[in-house]
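Examining the three-dimensional arrangement
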Amino acid sequence: MAAEHHRYLHEALCLESADAAEAAALSMTAFCDPRRCAELLDRLGPILGSPDRRTTASLLSKRLGFLLTGAPLYLLSVCDRGLDLAPGNCLIDIRHDGQAWRSTLPLRSLQLQHWAPAAREHARHDLLKQLFTGLITPLWQTLREVGGVPPRMLWENLAVRVYSLYERRLIELEGGLVDAAARRRCEADYRFLLEAEPELFGIDFNPLARFHHAKTRRADGVEVRYRRSCCLYYRAACPVAYCQSCPLTRSRTEG
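These remarks concern the structure in this document. (Residues numbered from 1 in each chain as written. Predicted model: local features only at pLDDT ≥ 70, side-chain atom pairs only at ≥ 80, totals over all residues. Heavy atoms only, no water.)

Considering the overall build of the protein chain
The test is simple: Helix and strand definitions here come from DSSP, where helices need a minimum of 4 consecutive H or I residues and strands a minimum of 2 consecutive E residues; each element is numbered from the N-terminal end. It is over C-alpha atoms that the radius of gyration is taken, and the globule rule equals 2.2 Å times the number of residues to the power 0.38. Partly exposed residues are those whose accessible area sits between 20% and 50% of the maximum for their type, while under 20% is buried and over 50% is exposed, using a 1.4 Å probe and protein chains only. Should any heavy atoms of two residues lie within 4.5 Å, those residues are considered in contact. Here, Shrake-Rupley sampling with a 1.4 Å probe gives the accessible areas, and only protein chains in the shown set may cover a residue. Just so you know, the count uses Lys and Arg for positive and Asp and Glu for negative, and it drops His and the chain ends. Where a charge lies is defined by one atom per residue type: Lys uses NZ, Arg uses CZ, Asp uses CG and Glu uses CD.
When you go through the protein chain residue by residue, the secondary structure sums to 9 helices and 6 strands. Here the C-alpha radius of gyration of the protein chain, 18 Å, is about what a compact globule of 255 residues would show, namely 18 Å. Residue burial in the protein chain is summarised as follows: out of 255 residues, 51% are buried. Across the protein chain, contacts joining residues at least 24 apart in sequence account for 69% of those joining residues at least 6 apart. When the accessible surface of the protein chain is split by element, carbon and sulfur atoms take 49% of a total near 12,100 Å². Each charge class in the protein chain was averaged separately, 34 positive and 30 negative side chains, and the resulting centres sit 5 Å apart.

Comments concerning the pattern of salt bridges
Quick note on the threshold: Put simply, a salt bridge is a Lys or Arg side-chain nitrogen that is within 4 Å of an Asp or Glu carboxyl oxygen.
Taken as a whole and assessed by the stated rule, the structure comprises 12 salt bridges. Close ionic contact of D80 with R120 constitutes a salt bridge, the shortest N to O distance being 2.4 Å. Within this pair, whereas D80 is found in the loop between α4 (53-77) and β3 (91-92), its partner R120 is found in helix α5 (residues 120-147), the two being separated by 40 residues in sequence. Overall, the relative accessible area of 17% leaves D80 in the buried class. A salt bridge links R95 to D93; the shortest N-O distance between them is 2.7 Å. You can call D93 buried: its relative accessible area is 2%.

Set out below in structure tokens:
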């Protein structure tokens, strides 16, 4: 794989070896222990400026949603490669310095999976099943239980990260990183995710399809897919600020 891909994965998508991760990175088992998770959220809250566990858990899920989907989906769609996303291979990093997230996606093994062209659809399904059902769904269940975050909010937090990846990040990549074949894979993989059966996610609906509604043109001409749930970002922002797609600001920004 070209050095440019390695650099983008490390610098933009925060993929790293578990050997280089901070000692504070947690195993999946540790994070999903309700008592341990509660302690982590209570410690993280003041760092984020969050007033309660629900806000902290929602903001953390946004960061985890970016980390857990960015590098794996980039490798799948752009490089036609797969990561080992088994829970035992993944560590959970929640570092924040009071100004910005410093967390990464630490993996014990960074060995890439390869497949023959005829086997790609099957390999894609298995990899995405491992990512969503095996890795993300248990994390969201823990954050719902401990942080009191509604499942729809957690899954929309994840969905907007995937939309941003395929609709903005990957489209803006220069030719040195993505060729015509990679762009076709990106389009096909995004379509697959939006049309996938709920079993891929380990829940009773496809969250990427549920929140993928039409964009609205704002008064300034920018097209925005407004969220259906608020991620609570404004409750931790000082001064108060809102996400670009926040439903609380919709009436003030529409044309």
